2 protein chains.
Amino acid sequence: MKVFGVTGLPGSGKSIISRIAKKEGIYTISMGDVIREEAERRNITTGKAAVILRKKYGNNVVASRCVTKIKNHSKNRHNKRATVKKMYNSHTNHNKHPPKKYKKIEQDIYLIEGIRSPYEVAYFKKQFNNFKVIAIHSSPNERFNRLKRRKRNDDSPDYNKFVERDQRELNFGIGKVIALADYMLINEGPIPNFKNNVRALITNEIKPKRKNINRKRKSKNKNKSKQNRKYQKGKKQYNKHNNRKNNNKQNRR
Amino acid sequence: MKVFGVTGLPGSGKSIISRIAKKEGIYTISMGDVIREEAERRNITTGKAAVILRKKYGNNVVASRCVTKIKNHSKNRHNKRATVKKMYNSHTNHNKHPPKKYKKIEQDIYLIEGIRSPYEVAYFKKQFNNFKVIAIHSSPNERFNRLKRRKRNDDSPDYNKFVERDQRELNFGIGKVIALADYMLINEGPIPNFKNNVRALITNEIKPKRKNINRKRKSKNKNKSKQNRKYQKGKKQYNKHNNRKNNNKQNRR
């Protein structure tokens, strides 16, 4: 089980990371969403919900709710995995490719967006062995310009309010979290560049390289099982097909 | 006048930036050096010197000393510049290139290494209009490994002491300074990569692009002065030389 936390000041691009992670089949939780859910349940504003939650259950309440969510999901994943494995095995008898569902549920990787205080980091590190923090940095000017454009509920086109909001988050201790982050991403120039960096981080650090491992195993077990021999045949046919293609190309020349 | 501050936790690579900046002719001050100087003058340890300085002159004493140093240097620079300009003019009468000295003194750019607290940043911003902060980030693991290797006076091979030192700096508020930095550099992989990034930052953001301006002027004044015609001749000869080389290559084939 691998758990990553994402931190960054408002407008740095935290939501971009979680959007891409979701697409890659990583289960992501937003700490802000946990508060928003509670606010909806009680029919109060998010600010009030945060205060009430903390008063009732302590400072780590949001973090602990995230932990229970992740642990539940991981359990369900294992159950689902078992059932899907059966499906998969029955599939393999018919020599079919594993279904997409299987691949998605297989990953035991989680992302928690919106970590703000070093206490939360300490709590997550206690709960998850290999907890790592990803920080995103954008310069204040860049963030202010972005927030002016996006206009969410709590975004303001007033620079003083922007500085105030930054200070509120910094007083939670987000600066310490950013300074001690395990990975740092810079989101300064065009957004596509940043997205590429995020994807590179996901493929290199967050997701294990399963494909390569499988390939190595296959090459070691060469010519040992019927299934592999079949695979080899298939490969040869594939090569033949390729050769035919190449021949065609040469003939055309 | 342009002033930049460099911040980063121990072992992140602050001294690399100031070393490169010095080579590029930028006047750099280390806030740690200011304390070390005072300690040498009084013949006490740096820790004691820092405490005494702060008690006597207030929290911003180191920052204010840096400011006076920079302002003095800037004044001297202007005086020196005037004298060197005379030199330069006398040189130009003899049709010679401006001396290297002139180029070095010409830059009114300053770098302050080792900013630790947001109060210092606020102080510098008051003193210098366009003050910008450059932060360097390395993951804690990477920094710890570096400090183990470097073994300065205050570096320790003990992980707990390393964490303690980080916490001391974070309690000064260095996390806030890093989170609100205008430029962020990542120093994670091999050092030459980081050095290249530093050089790119210096040429793109810190130093104005004087060379390009000069070139444009030259191209506008084409064929107007004797000097330029000489330059053109030189260029042609260079091309001829190149052509000869190419011809030789073709002959060999």
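The structure contained in this document is the topic of the report that follows. Quick caveat: nothing in here was measured; it's all calculated off a predicted structure. (Residues numbered from 1 in each chain as written. Chains lettered and ligands numbered in written order. Predicted model: local features only at pLDDT ≥ 70, side-chain atom pairs only at ≥ 80, totals over all residues. Heavy atoms only, no water.)

### Here we look at the sheet that holds strand 5 (residues 183-186) of chain B
Residue and element names in this part refer to chain B. Under the convention used in this document: Strands qualify as paired when DSSP identifies two bridges or more between them. Helix and strand definitions follow DSSP, with helices as H or I runs of at least four residues and strands as E runs of at least two, each counted in order from the N terminus. Lines fitted to C-alpha atoms define the axes, with helix axes restricted to the stretch in contact, and inter-axis angles between N-to-C directions lie between 0 and 180 degrees.
Spatially, five strands are ordered 2-3-1-4-5 in an open sheet, and the strand pairing comes out parallel. In this open sheet, the two strands that pair with only one neighbour each are strand 2 (27-30) and strand 5. Pairwise comparison of adjacent strand axes, ignoring direction, gives a mean angle of 20° for this sheet. With four bridges connecting them, strand 1 (residues 2-7) and strand 4 (residues 132-137) associate as parallel partners. What sits directly across from threonine 7, in strand 4, is alanine 135.

### A closer look at the interface of chain B and chain A
Rule in force here: Residue contacts are counted whenever heavy atoms from the two residues lie within 4.5 Å of one another. Buried area: the sum, over both parts, of the accessible surface (1.4 Å probe) that disappears when the two are put together. What qualifies as a polar contact is a pair of N or O atoms within 3.5 Å, subject to a donor-acceptor requirement within protein and to the restriction that residues adjacent in sequence count only when both atoms come from side chains. All residues other than Ala, Val, Leu, Ile, Met, Phe, Trp, Tyr, Cys, Pro, Asp, Glu, Lys and Arg, Gly among them, are scored as polar; the first ten of these are nonpolar and the last four charged.
Taken together, the contacts link 20 residues of chain B with 20 residues of chain A. Surface buried jointly by chain B and chain A totals about 1,700 Å² across both partners, of which 66% is contributed by carbon and sulfur atoms. The interface formed by chain B and chain A contains four residue pairs in polar contact (both at pLDDT 80 or more). Here the residues of the side of chain B that touches chain A sort into nine nonpolar, six polar and five charged.

### Here we look at the relation of the copies chain B and chain A
Cut-off, in case you're wondering: Copy-to-copy superposition: least squares on the C-alpha atoms, limited to residues that have pLDDT of at least 70 in both copies.
Relative to chain A, chain B is turned by 180° and slid 0.0 Å along the rotation axis, the superposed coordinates differing by an RMSD of 0.0 Å. Both copies are brought into coincidence by an operation consistent with a two-fold rotation axis. Relative to the rotation axis, the C-alpha of glycine 175 of chain B is the closest in chain B, positioned 2.0 Å from it.

### Re the nonpolar core
Stated formally: Throughout this description, the term nonpolar core refers to a set of buried Ala, Val, Leu, Ile, Met, Phe, Trp, Tyr and Cys residues connected via side-chain atoms within 4.5 Å. The rule is simple: take the accessible area with a 1.4 Å probe, protein chains only, and divide by the maximum for that residue type; under 20% is buried, over 50% is exposed, in between is partly exposed.
Among the nonpolar cores identified, the biggest contains 64 residues, and Ile112, Phe124 and Phe131 of chain A together with Ile112, Phe124 and Phe131 of chain B are the most heavily contacted of them. Phenylalanine 124 of chain B has contacts with Met31, Ala63, Cys66, Val67, Ile112, Ile115 and Phe131 of chain B, leaving out every residue within four places of it along the chain.

### With respect to the side chain of threonine 28 of chain B
Residue and element names in this part refer to chain B. Position of threonine 28 relative to the elements: it lies in strand 2. Looking at threonine 28, the relative accessible area reads 13%, which means it is buried. Not counting the four nearest positions on each side in its chain, threonine 28 is found in contact with Ser18, Ala21, Lys22 and Leu111.

### Overview of the sheet that holds strand 5 (residues 183-186) of chain A
Residue and element names in this part refer to chain A. Taken in spatial order, the five strands line up as 2-3-1-4-5 in an open sheet, and their pairing is parallel. Whereas interior strands pair on both sides, the edge strands pair on one side only; in this sheet they are strand 2 (27-30) and strand 5. Strand after strand, the sheet turns through a mean of 20° between neighbouring axes, direction not considered. Across the face of the sheet, helix 1 (residues 14-23) comes into contact with strand 1 (2-7), strand 2, strand 3 (109-113), strand 4 (132-137) and strand 5 while running at roughly 160° to strand 3.

### Description of unusual backbone geometry
Positive phi, normally seen in glycine, also occurs at asparagine 43 of chain A, with a value near 60°. Position of asparagine 43 of chain A relative to the elements: it lies in the loop between helix 2 (31-42) and helix 3 (46-57).

### Observations regarding the pattern of salt bridges
Residues and elements named next belong to chain A. This is how it is decided: Just to be clear on terms, a salt bridge is a Lys or Arg side-chain nitrogen sitting within 4 Å of an Asp or Glu carboxyl oxygen.
Evaluation of the coordinates by the stated rule reveals 18 salt bridges over all chains. Linking glutamate 24 and lysine 207 is a salt bridge whose minimum nitrogen-to-oxygen distance equals 2.9 Å. Here the residue glutamate 24 occupies a position in the loop between helix 1 and strand 2, and lysine 207 occupies one in the loop between helix 10 (191-206) and helix 11 (210-220), the gap between them amounting to 183 residues. Among the residues examined, lysine 207 registers a relative accessible area of 18% and is labelled buried. Several salt bridges converge on common partners, so that one network encompasses Glu38, Arg41, Arg42 and Arg65.

### Points about the packing of helix 1 (residues 14-23) of chain B against helix 10 (residues 191-206) of chain B
The geometry of a pair of packed helices is captured by two quantities: the angle between their axes and the separation between those axes. All names here are of chain B. Rule in force here: For classification purposes, angles smaller than 35 degrees are called roughly parallel, those larger than 145 roughly antiparallel, those between 65 and 115 roughly perpendicular, and all remaining angles oblique. Crossings are assigned a handedness: left-handed for a near helix turned anticlockwise from the far helix by less than a right angle, right-handed for a clockwise turn.
Running from amino to carboxyl end, helix 1 crosses helix 10 at an angle of 55°, the nearest separation of the two axes being 10 Å. It follows from the interaxial angle that helix 1 and helix 10 lie oblique. As helix 1 packs across helix 10, the resulting crossing turns out to be right-handed. Along the contact surface, helix 1 presents Ile16, Ile17, Ile20 and Ala21, while helix 10 presents Ile191, Phe194, Lys195, Val198, Arg199 and Ile202. Looking at the contact of helix 1 with helix 10 residue by residue, the class counts come to eight nonpolar, no polar and two charged.

### Structural notes on helix 6 (residues 118-127) of chain B
Residue and element names in this part refer to chain B. To keep things clear, this is the line we draw: Directions drawn from the helix axis to the C-beta atoms are what define this arc.
Inspection of helix 6 places Glu120, Val121 and Phe124 among the buried residues, and these make up the whole buried set. Viewed end-on, helix 6 has its buried residues packed into an arc of 100°, placing them on one side of the element. Projecting away from the buried face of helix 6 at angles above 90 degrees are the exposed residues Tyr119 and Lys126.

### Comments concerning the pairing of strand 1 of chain A
Both faces of the sheet carry side chains from a regular strand, because those side chains alternate between them. Residue and element names in this part refer to chain A. Within strand 1, five of the six residues are buried, which leaves the element mostly enclosed by the surrounding structure. With five bridges connecting them, strand 1 and strand 3 associate as parallel partners. Across the sheet, phenylalanine 4 pairs through a bridge with leucine 111, a residue of strand 3.

### A look at the side chain of glutamate 120 of chain B
All names here are of chain B. Rules: None of His or the chain ends enter the tally, which takes Lys and Arg as positive and Asp and Glu as negative.
Mapped onto the elements, glutamate 120 comes out in helix 6. Here glutamate 120 sits buried without a salt bridge, and the closest side chain of opposite charge, arginine 54, lies 4.6 Å off (N-O distance). With residues up to four places along the chain from it excluded, the contact list for glutamate 120 reads Met31, Asn60, Ala63 and Ile115.

### Topic: helix 8 (residues 159-172) of chain B
Residue and element names in this part refer to chain B. Condition: Multiplying 1.5 Å by the helix residue count minus one yields the expected span of that helix.
If you check helix 8, its first and last C-alpha atoms are 20 Å apart, about what 14 residues at 1.5 Å a residue would give, namely 20 Å. Along helix 8, the positions that sit buried rather than exposed are Phe162, Arg165, Asp166, Glu169 and Leu170. Down the axis, helix 8 shows its buried residues gathered within 140° of arc, on one side only. Residues of helix 8 that are exposed and point over 90 degrees away from its buried face: Asn160, Glu164, Arg168 and Asn171.

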